[in-house]
Amino acid sequence: MGETKYTEDHEYIRIEGDVVVVGISDYAQSQLGDVVFVELPKAGKKLAKGEEAAVVESVKAASEVYAPVSGEVLEVNAALEAQPGTINEDPEGTGWFIKLKLSDASELSGLMSEADYKTYLASIH
Amino acid sequence: MSEPETTPIPLRHTPLHDRHVSLGARMVGFAGYDMPVQYKEGILAEHLWTRAHAGLFDVSHMGQCFLIGPDHETVARALEALVPADIVNLLPGQQRYSQFLNAEGGVMDDIMVTRSADPAEDGTLMVVVNAGCKDTDFAHLKAHLPNHIKLIIAEHRALLALQGPEAASVLAKHCAGADSMAFMTGVSTLFDAIPVHISRSGYSGEDGFEISVSAAKVVVINERLLAHPEVKPIGLGARDSLRLEAGLCLYGHELDPTTSPFEAQIQWSIQKRRRQEGGFPGFERISRELTEGPHRKRVGLLPEGRAPAREGTEITTLDGVKIGTVTSGGFGPTLNGPCAMGNVETAHSAIGNKVYLMVRGNAMPATIVAMPFVPHRFHRA
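No experiment lies behind these values; they were computed from the predicted model shown. (Residues numbered from 1 in each chain as written. Chains lettered and ligands numbered in written order. Predicted model: local features only at pLDDT ≥ 70, side-chain atom pairs only at ≥ 80, totals over all residues. Heavy atoms only, no water.)

Considering the overall build of chain A
Stage number 1. Counting its regular elements, chain A contains 4 helices and 10 strands.
Stage number 2. Put simply, chain A runs from its N terminus to its C terminus through helices and strands in the order β-β-β-α-β-β-β-β-β-α-α-β-β-α.
Stage number 3. Projecting the C-alpha coordinates of chain A onto the three principal axes gives extents of approximately 35 × 35 × 25 Å.
Stage number 4. Evaluated residue by residue, chain A yields a buried proportion of 50% over its 125 residues.
Stage number 5. Residue pairs at least 24 apart in sequence account for 58% of intrachain contacts in chain A once pairs closer than 6 positions are excluded.
Stage number 6. Entry remark: accessible area of chain A is about 5,900 Å², with carbon and sulfur atoms responsible for 49%. (Helix = DSSP H or I, 4+ residues; strand = E, 2+ residues; numbered from the N terminus. Buried < 20%, exposed > 50% of the residue type's maximum accessible area, 1.4 Å probe, protein only. Contact = heavy atoms within 4.5 Å. Areas by Shrake-Rupley, 256 points an atom, 1.4 Å probe, with all protein chains shown as cover.)

Have a look at this one:
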């Protein structure tokens, strides 16, 4: 397992060499409530940092998930289509959204470490 | 330093606010109140629990008032000047759904009216209105009711809704005979030894009751109901998904001051005598729509995929011509899929008609379907 970093919008990335796994944090899923639908990008799509990467819908509302870093979509978690509740059950494990091939590794330095993210969560409560 | 004009108005609390917090509810602002949107188990579980067992909802934010006149006919005629339902012919204890209409026949609010079942209270109507409209509704009543009709705003009454197939058997343990009441009837009775007014009604599509009680006693009743294993507390999130599946209108979504009862497809709530005689605001439009039909109407929409279409989503023909807008949309937990309601031009409103819902720029196929999405299970007498 590689290092995990977080954004202020509560996305995480797990760094596995020059590939990163993107999803939403446990805090994000708890705030969303029961996820009932997820719209994922197509493999091959090039995403710029901050661009809308996916849409996740709870019973109540739709929320956008933004690309924490720039890169090309290598793979999407197609299992989420049939089992969107996986995002609630295991957000940072089997509930991942997409795998990106990093286009600019320097963007990683702008993200929060796990410890920083915990401090950030405490600060917004 | 705070600017007085930018100071947010603090959210009001119902008498059960502290209990919601202690139960772990997620609280949100709704119609000026800090209300539970969900408890720990979440909206899906709460929704499904209500359809299978019994859910308890705090709806104390809603407005309750009494209209009191010398006799039933006098008070009924006074209210009929503002609403299109037949109130005069309500039987003692009978409850009816209606709307305050504006001069253009648009809906200012939708309401429940109950004639007191007690012969000693002849001339008393109980009216329950939406939380977000209650101040304007009460001002509207004050401005238009004749002097001989008294308006009593029941500020110190709380309201609970107990909904679901096990609601009747639970409530009957506290209110003898509650389980033999007919749908849309109400009665003043005792809950254990506590005076309450109960009606067999609700907004979930399930059998159930609304329990009106003094704010001082609602905490006790809430606890006694929650003590039953069949009963769980349910938040506003599931209240909304339940009413959406039941195909019921929500003010501010399906109903607003530009929308007539015919457009909203609630013309069943305008009884024959009122259609013929009129005598309520907007009769001209209602009368015209009665013969010509409305230009647009509320329909049920079933998207083909899994993506919910939310309020505001554009509805188009298969040729891409806009024909309407989604008024409420989301995921139906019992349906286990998305469903929506929307207004569409009458020419395109036939059941079975295929349309597109424009979700995030994508044309998503959907079918216009009959409602409710989940069959009602009211307790008809």
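Details of the domain arrangement of chain B
The accessible area lost on association of the parts is a frequent measure of interface size.
Residues and elements named next belong to chain B.
Stage number 1. Annotation of chain B at the domain level lists domain 1 (8-61 + 156-245) and domain 2 (295-369).
Stage number 2. If you average the C-alpha positions of domain 1 and of domain 2, the two centres end up 31 Å apart.
Stage number 3. A buried area of about 710 Å², summed over both sides, lies between domain 1 and domain 2, and 70% of it is on carbon and sulfur atoms.
Stage number 4. Looking only at domain 1, the three residues that lose the most surface to domain 2 are Arg-243, Leu-244 and Glu-245, adding up to 63% of its buried area.
Stage number 5. On the surface where domain 1 and domain 2 come into contact, there are 0 salt bridges.
Stage number 6. The interface formed by domain 1 and domain 2 includes 5 residue pairs in polar contact (both at pLDDT 80 or more).
Stage number 7. Mapped by element, the contributors of at least two residues to the side of domain 1 that touches domain 2 are helix 2 (43-52) and helix 7 (236-245).
Stage number 8. Considering only residue class, the side of domain 1 that touches domain 2 consists of 3 nonpolar, 2 polar and 3 charged. (Domains from an automatic or database assignment. Buried area = accessible area lost by both parts, 1.4 Å probe. Salt bridge = Lys/Arg side-chain N within 4 Å of Asp/Glu carboxyl O. Polar contact = N/O pair within 3.5 Å; in protein donor to acceptor, adjacent residues only side chain to side chain. Nonpolar A, V, L, I, M, F, W, Y, C, P; charged D, E, K, R; others polar.)

Things to note about the nonpolar core
All names here are of chain B.
Stage number 1. Of all hydrophobic cores here, the largest spans 47 residues; its most connected members are Tyr-97, Leu-255, Leu-301, Ile-315, Val-355 and Leu-357.
Stage number 2. Two domains each donate at least three residues to this core, and these are domain 1 (8-61 + 156-245) and domain 2 (295-369).
Stage number 3. With near-sequence residues (within four places) excluded, Leu-357 lies in contact with Leu-301, Pro-303, Ala-309, Thr-313, Glu-314, Ile-315, Val-326, Asn-362, Ala-363, Met-364 and Ala-366. (Core = buried A, V, L, I, M, F, W, Y, C linked by side-chain atoms within 4.5 Å.)

Some details on the sheet that holds strand 9 (residues 98-102) of chain A
Residues and elements named next belong to chain A.
Stage number 1. Pairing is antiparallel in the open sheet, where 7 strands are placed in the order 5-8-9-3-2-1-10. For this open sheet the edge positions go to strand 5 (46-47) and strand 10 (112-113), each flanked by a neighbour on one side alone.
Stage number 2. Summarising the sheet, strand 2 (residues 11-16) and strand 3 (residues 19-24) pair through 6 bridges and their orientation is antiparallel. The residue of strand 3 that forms the bridge with Glu-16 is Val-19. (Pairing = 2+ DSSP bridges.)

Here we look at the packing of aromatic side chains
Stage number 1. Tallied over the entire structure, the rule returns 5 aromatic pairs over all chains.
Stage number 2. Measuring from centroid to centroid gives 5.5 Å for Tyr-97 of chain B and Trp-268 of chain B, while their planes differ by 20°, and the two rings are stacked. Here Trp-268 of chain B lies in the loop between helix 7 and helix 8 (272-277) and Tyr-97 of chain B lies in strand 5 (residues 95-101), a separation of 171 residues in the sequence.
Stage number 3. A relative accessible area of 8% means that Tyr-97 of chain B is categorised as buried.
Stage number 4. Trp-268 of chain B gets classed as exposed once you look at its relative accessible area, which sits at 55%.
Stage number 5. Aromatic pair Phe-183 of chain B and Phe-378 of chain B: ring centres 4.3 Å apart, planes at 10°, arrangement stacked. Of this pair, Phe-183 of chain B sits in the loop between helix 5 (167-172) and strand 10 (186-191) while Phe-378 of chain B sits in the segment after strand 19 (362-369); the two residues are 195 residues apart in sequence, bridging distant segments of the chain. Taken individually, Phe-183 of chain B and Phe-378 of chain B each receive the classification buried, so the pair is uniform in this respect.
Stage number 6. By the ring-pair criterion, three or more aromatic residues cluster together here, those being Tyr-6, Tyr-117 and Tyr-120 of chain A.
Stage number 7. Over the ring of Trp-96 of chain A we find Lys-99 of chain A, and its NZ or CZ is 4.9 Å from the ring centre.
Stage number 8. The ring of Trp-49 of chain B carries Lys-232 of chain B above its face, with NZ or CZ at 4.2 Å from the centroid. (Phe/Tyr/Trp six-rings, centres within 6.5 Å; stacked < 30°, edge-to-face > 60°. Lys NZ or Arg CZ within 6 Å of the ring centre and 35° of its normal.)

Digging into the interface of chain A and chain B
Stage number 1. At the interface, 15 residues of chain A touch 17 residues of chain B.
Stage number 2. Summed over both sides, the interface between chain A and chain B buries roughly 1,300 Å², with carbon and sulfur atoms accounting for 51% of that surface.
Stage number 3. Broken down residue by residue, the surface that chain A buries against chain B is led by Val-36, Val-59 and Lys-60 of chain A, which jointly contribute 40%.
Stage number 4. Where chain A touches chain B, the interface holds 3 salt bridges.
Stage number 5. Ionic pairing is found between Glu-57 of chain A and Arg-360 of chain B, a salt bridge with its closest N-O pair at 3.0 Å.
Stage number 6. Counting across the chain A and chain B interface gives 11 residue pairs in polar contact (both at pLDDT 80 or more).
Stage number 7. Counting only elements with at least two residues in the side of chain A that touches chain B, the list comes to helix 1 (26-32), strand 4 (35-39) and strand 6 (52-58) of chain A.
Stage number 8. Looking at side-chain class alone, the side of chain A that touches chain B contains 6 nonpolar, 4 polar and 5 charged residues.

Some thoughts on the pattern of salt bridges
Residues and elements named next belong to chain B.
Stage number 1. Scanning the entire structure with this criterion turns up 29 salt bridges over all chains.
Stage number 2. With a shortest N-O distance of 2.9 Å, Arg-273 and Asp-86 are connected by a salt bridge. On the criterion of sequence distance, the pair formed by Arg-273 in helix 8 and Asp-86 in the loop between helix 3 (72-80) and strand 5 is long-range, its members being 187 residues apart.
Stage number 3. With its nearest N and O atoms 3.8 Å apart, the salt bridge here joins Lys-173 to Glu-230. Of this pair, Lys-173 sits in the loop between helix 5 and strand 10 while Glu-230 sits in the loop between helix 6 (215-226) and strand 13 (231-233); the two residues are 57 residues apart in sequence, bridging distant segments of the chain.

Brief notes about the confidence of the model for chain A
Stage number 1. Averaged over every residue, the pLDDT of chain A is 95; residues scoring 70 or more account for 99%.
Stage number 2. Across chain A, strand 8 (residues 71-76) of chain A holds the top mean pLDDT of 98, while helix 2 (residues 79-82) of chain A sits lowest at 94. (pLDDT = per-residue confidence, 0-100.)

Description of helix 2 of chain B
Stage number 1. Within helix 2 of chain B, the full set of buried residues consists of Ile-43, Glu-46, His-47, Trp-49, Thr-50 and Arg-51 of chain B.
Stage number 2. Along its buried surface, helix 2 of chain B packs onto strand 2 (33-38), strand 3 (54-58), strand 9 (157-163), strand 13 and helix 7 of chain B.

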